[in-house]
Each structure stands twice: as C-alpha cells, then as structure tokens.
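Here is how the chains run, residue by residue.
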Amino acid sequence: MGELVFKGLKVEEIDLTNKLEGQVKLDISQRASFNVKYTNDNLHCMATLTIDMMEKSAPMDFNFKIIATAFLDCEEGMDKKEIHKKAYDEIYPHVRALIITIMVNSGLPPIVIPKVKMDESNIKIAGEKNPGENNLYS
C-alpha cells in the first residue's frame, strides 16, 4: 500500500443551464466518468472526474457539467488499481464541494453527488505507454 500526495485541482469545464421557472422539484439523472493518466515514470498522475447532470423531464432547461482534474504524486511501485481508487477518493470531496457551492450560489438547492464505490473489477488499465517525454496515458 502506498500513498498519494494531492498537489492541486484544476477545473477544466463548468457548464450550467438553468431555465427553470419558480419552485420546481428536480428529478435529476447523472452520469459520471473517471480516468487516471500517468507520467512515464509512474511517479505522477492526473485524475479526471466528469459529472454530467440533467433534469429528466426537461434536459434543455436544466443541465450541469463539470470536468475537474486532480494532480497527484505517487509512491514508487504503487499498483495502478490502488492509485485509481485512492485518486477517486481524493478528488471526489473537492468536486462534491464545488458542485454544492456552484448550485447554491446559482440560486439552486444544494445538489450532492452520490459517491460511487470503486469496484476493482471495473478498473481498466492501459498496457502500453506512449513514447515521448512526460506523456500521460491511462
């Protein structure tokens, strides 16, 4: 078991459409994706979490998307599946707090994204490195 060191977070994209009028009960569908890319020496990685939400009955009137990337340092020899799970555990609370803040400051209720438990059998690790200096790969 190794440790990851959180180095920072970068929000790459935020998109919010809110054309709902008055008091409305939201029935939101949500999609999420998570990807980790590594430097060639496997000592640094970037973990990207994408959350996409929309109102089921009016997706054009309410939708929200955020793409955020965490930058992390990895201990030498760490298993990539372990990194994947720990990176998710590291980025999730930051993105959840951002979403709540954005929603409340936009006049919406605080929408809390559910945390998905990482199932190791669903983590896919790419086997080939891309040539080049400090290239990142999944």
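Predicted model only: the values in this text are computed from it and were never measured. (Residues numbered from 1 in each chain as written. Predicted model: local features only at pLDDT ≥ 70, side-chain atom pairs only at ≥ 80, totals over all residues. Heavy atoms only, no water.)

Enquirer: Mind laying out the side chain of Thr48, listing which residues take part and the relevant values?
Expert: Mapped onto the elements of the fold, Thr48 is located in strand β3 (residues 44-55). For Thr48, a relative accessible area of 18% gives the class buried. Among all residues touching Thr48, those that are not within four sequence positions of it are Ser33, Phe34, Asn35, Ile67, Ala68 and Thr69. (Helix = DSSP H or I, 4+ residues; strand = E, 2+ residues; numbered from the N terminus. Buried < 20%, exposed > 50% of the residue type's maximum accessible area, 1.4 Å probe, protein only. Contact = heavy atoms within 4.5 Å.)

Enquirer: Go over the nonpolar core with me, naming the residues and quoting the values.
Expert: Counting 29 residues, the largest nonpolar core has Val95 and Ile99 as its most contacted members. Going through the elements one at a time, β2 (28-38), β3, β4 (62-74) and α1 (80-105) are the ones with two or more residues in this core. No other element matches the 9 residues that α1 contributes to this core. In contact with Ile99, other than residues within four places in its own chain, are Ile51, Met53, Phe64, Ile66, Ile111 and Ile113. (Core = buried A, V, L, I, M, F, W, Y, C linked by side-chain atoms within 4.5 Å.)

Enquirer: Describe the confidence of the model for the chain, and please don't skip the residues or the numbers.
Expert: Averaged over every residue, the pLDDT of the chain is 86; residues scoring 70 or more account for 87%. Averaged pLDDT values over the elements of the chain bottom out at 92 in β2 and peak at 96 in β4. In this model, residues 128-138 is a region of pLDDT below 50 whose contacts with residues beyond four sequence positions or in other chains number 31 contacts. (pLDDT = per-residue confidence, 0-100.)

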